[in-house]
Amino acid sequence: MRGIRSRRMEGLEVQYFAGLVPVIDQLLSSGVDVIRLDIGSPDLPPTQRVIDALSRSARRETHHGYQPHKGILPLREAWASFYRQRFKVELDPDQEIVPLLGSKEGIFHLCQAILNPGDVALIPDPGYLTYESGASVSGAEPTFLALRKENDYLPDLGEVPEEIAERVRVLWLNYPNNPTGAVANEHFFEQVLSFASQHDILVCHDAAYSSVTYDGYRAPSILEFPGAKEVAVEFNTLSKSHNMAGWRVGVAVGNSRVLSSLYTLKTHADSGQFLPIMEAGIEALTGDQEWIEERNKVYRQRRDLVAAVLQDLGVDYLLPKGAIYMWFSCPTGWTSTRFAQALLRRTGVSLAPGSIFGDQGEGFIRLSLCAPEHRLADAMKRMADWWSEISTGELKGEPHG
Ligand SMILES: Cc1ncc(COP(=O)(O)O)c(C=O)c1O
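Structure report, in brief. Throughout this description, residue numbers start from 1 for each chain and increase along the sequence as written. Only residues with pLDDT of 70 or above have their local features reported here, since the model is predicted, and side-chain atom pairs are shown and tallied only from 80 upward, although totals for entire chains, interfaces and linings are computed over all residues. Values shown for side chains rest on all heavy atoms present in the structure; no hydrogens or waters enter the calculation.

## Digging into the overall build of the protein chain
- When its secondary structure is counted, the protein chain shows 14 helices and 13 strands.
- Computation of the radius of gyration draws on C-alpha atoms alone. For the globule rule, the value is 2.2 Å times the number of residues to the power 0.38. Against the globule reference of 21 Å for 401 residues, the protein chain gives a C-alpha radius of gyration of 21 Å, in line with a compact fold.
- Summarising its shape, the C-alpha atoms of the protein chain cover approximately 65 × 55 × 55 Å along the three principal directions.
- Counting all 401 residues of the protein chain, 54% fall into the buried class. We count a stretch as a helix when DSSP gives it H or I for four or more residues in a row; a strand needs E for two or more, and each element gets its number in order from the N terminus. Think of it in three bands: with a 1.4 Å probe and only protein chains considered, a residue is buried below 20% of the maximum accessible area for its type, exposed above 50%, and partly exposed in between.

## Details of the sheet that holds strand E9 (residues 317-318)
- Between any two strands, pairing holds if DSSP finds at least two bridges. In spatial order, the strands read E9-E10-E13-E12; together these 4 strands make up an open sheet with antiparallel pairing. On the outer flanks of this sheet lie E9 and strand E12 (352-353), each paired with one strand and no other.
- Relative to strand E10 (residues 325-329), E9 is paired through 2 bridges, and the arrangement is antiparallel. Each bridged residue has a counterpart across the sheet, and for Leu318 the counterpart in E10 is Trp327.

## Some words on the site of the ligand
- With respect to spatial proximity, 15 residues lie near the ligand, and among them Asp206, Tyr209, Thr237, Ser239 and Arg248 are the closest.
- Here a polar contact is recorded for every N or O atom pair within 3.5 Å, except that within protein the pair must consist of a potential hydrogen donor and a potential acceptor, and residues adjacent in sequence are included only if both atoms are side-chain atoms. Between the ligand and Lys240 there is a distance of 2.8 Å, counted from an oxygen atom to a side-chain nitrogen or oxygen.
- Separating an oxygen atom of the ligand from a side-chain N or O atom of Arg248 is a distance of 2.7 Å.
- Only the protein chains shown count as covering a residue, and every accessible area follows the Shrake-Rupley method with a 1.4 Å probe. Protein contacts shield 92% of the accessible area of the ligand, which totals 400 Å² for the unbound molecule.
- Every definition here rests on a 1 Å grid over the protein atoms only: cavities are sets of points where a 1.4 Å probe fits but cannot get out, pockets are open sets enclosed by protein on both sides within 12 Å along at least five of seven lines, and lining residues have some atom within 4 Å of a point. To qualify as sitting in a cavity or pocket, a molecule needs more than half of its atoms within 2 Å of the grid points. When atom positions are compared with the pocket grids, the ligand is found to occupy the second largest pocket. The cutoff for a nearby residue is simple: one of its non-hydrogen atoms must lie within 4 Å of the molecule or strand.

## Observations regarding the packing of helix H3 (residues 73-87) against helix H11 (residues 275-286)
- It is at 9 Å that the axes of H3 and H11 come closest, and there the two elements cross at 20 degrees. As summarised for this structure, H3 and H11 are arranged roughly parallel, according to the angle between their axes. Seen from above, H3 lies across H11 with left-handed handedness. The residues of H11 that touch H3, namely those facing Pro74, Leu75, Ala78, Trp79, Ser81 and Phe82, are Met278, Gly281, Ile282, Leu285 and Thr286. Between the N-to-C directions of two axes lies an angle of 0 to 180 degrees, each axis being a line fitted to C-alpha atoms and, for a helix, fitted only over the stretch in contact. Just so you know how the angles are binned, under 35 degrees is roughly parallel, over 145 roughly antiparallel, 65 to 115 roughly perpendicular, and the rest oblique. Should the near helix be turned anticlockwise from the far one by less than a right angle, the crossing is termed left-handed; should it be turned clockwise, right-handed. When checking whether two residues touch, look at their non-hydrogen atoms; a contact exists if any pair is within 4.5 Å.

## Focus: helix H12 (residues 290-313)
- An ideal rise of 1.5 Å per residue puts 34 Å on 24 residues; H12 measures up with 36 Å between its terminal C-alpha atoms.
- All of the buried residues in H12 are Trp291, Ile292, Arg295, Asn296, Tyr299, Arg302, Arg303, Leu305, Val306, Ala307, Val309 and Leu310.
- Of the surrounding elements, those touching the buried residues of H12 are H3, helix H9 (238-241), E9, E10, strand E13 (364-368) and helix H14 (373-391). Here, expected helix span is obtained from the residue count minus one, scaled by 1.5 Å.

## Some details on the environment of Leu12
- Looking at where Leu12 falls in the secondary structure, it is placed in the segment before helix H1 (16-29).
- C-alpha of Leu12 to C-alpha of Val137: the two residues are 125 residues apart in sequence and 8.1 Å apart in space.
- Beyond its immediate chain neighbours, meaning those up to four positions away, Leu12 contacts Arg5, Ser133 and Val137.

## Remarks on the packing of helix H4 (residues 103-114) against helix H10 (residues 256-269)
- As a packed pair, H4 and H10 sit with axes 9 Å apart at the nearest point and diverge in direction by 105 degrees. Here H4 is positioned roughly perpendicular relative to H10, judged by the angle of their axes. For the pair H4 and H10, contact is made by Glu105, Gly106, His109, Leu110, Gln112, Ala113 and Ile114 and by Val258, Ser261, Leu262, Leu265, Lys266 and Ala269, respectively.
- As a working rule, the residues Ala, Val, Leu, Ile, Met, Phe, Trp, Tyr, Cys and Pro are called nonpolar, Asp, Glu, Lys and Arg charged, and the rest polar, with Gly in that last group. For the contact of H4 with H10, a count of residues per class yields 7 nonpolar, 4 polar and 2 charged.

## Some remarks on the sheet that holds strand E8 (residues 250-254)
- Ordered by their spatial adjacency, 7 strands build an open sheet running E2-E8-E7-E6-E5-E3-E4, and the pairing between neighbours is mixed. Pairing within the sheet leaves two strands with one partner each, and these edge strands are strand E2 (97-100) and strand E4 (141-146). Averaged over all pairs of adjacent strands, the angle between their axes in this sheet comes to 20 degrees, without regard to strand direction.
- With 4 bridges connecting them, strand E6 (residues 202-206) and strand E7 (residues 232-237) associate as parallel partners.

Read these as spatial facts, not as claims about activity.
So this is what it looks like as structure tokens:
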């Protein structure tokens, strides 16, 4: 039969975390007590007020039909109010805000809306997987910008050769960063915006973790900086900020012409969002935000627990000021994939190998802080015990390399 797979999908495999599900299911069904610290899916719930708003709205007979592709105006106004309060950024709810079915959907569709075959998309390495797959499916060339520890995991824009810079359409950035937990300073955002204006390219800043920060750090929006709306779009989401990953409530804000392309594409790709979810989203964005500070303290305590174990093991790690991950080095002689697979098999602890996020991620492991403290402590003990075994060579026959 013809028509099974398009040329655009050549080389595209099932996304790593989708492929992990049957592996985990098999372990669970054979009785293994798996602790999943591989994916960044918040284990804590949203506030009761958000849940009440959803169920109140879902009980209304008239709330089950199709909704506007751009979401209801009060939802866009709620995002505008959130950006005003948190970042002191003014947004026009009609032109500068497009609600999304989760930010991943928007990231993927934006690539299809703006990229042509032959265009270059600059992508951080390591980085969130959808920047690359979105570019590849659109026919554009993903070109990677290394995030190195010695540069505080910020890309060096000076590394982009002049002839490539001419073909660049979009530069992806994400701070606080997944997978490294790094944050970006104001000077960096200013440099990026000046690079973008100079080369006439779009900057897409993925601010998925802007509300999850520690130790008094406040993550800025790229739209706070002068001239940003001329060259930038920012993605945000309630997934991590408000513990609503399964609800699929995201947004793209910023440059109105780019957002108009995204909106046009979306009018063909989806048919809007369930009204009760939008109404609950409004409650999340405009209701009390103080609980977020308390929730961040929970993540911070978990972060410190993991850091203490890594410290004891003598492992090189970054103590993150934002996001929900710990990024640390594998034991010597192990690739990240072998390490993650063997750890899962031997201990039931599931972590994400750094190499899935790009070549620069090889040699690193990402651990998600999305588990209660007692489970994290259990996972860290299992990992530390096994780590000591492999370091002292007690473990025989385990694949290295
Ligand atoms: C950096 C980054 N961007 C975007 C997303 C997608 O979030 P969502 O689609 O749930 O809004 C994630 C999810 O893990 C992420 O880590």
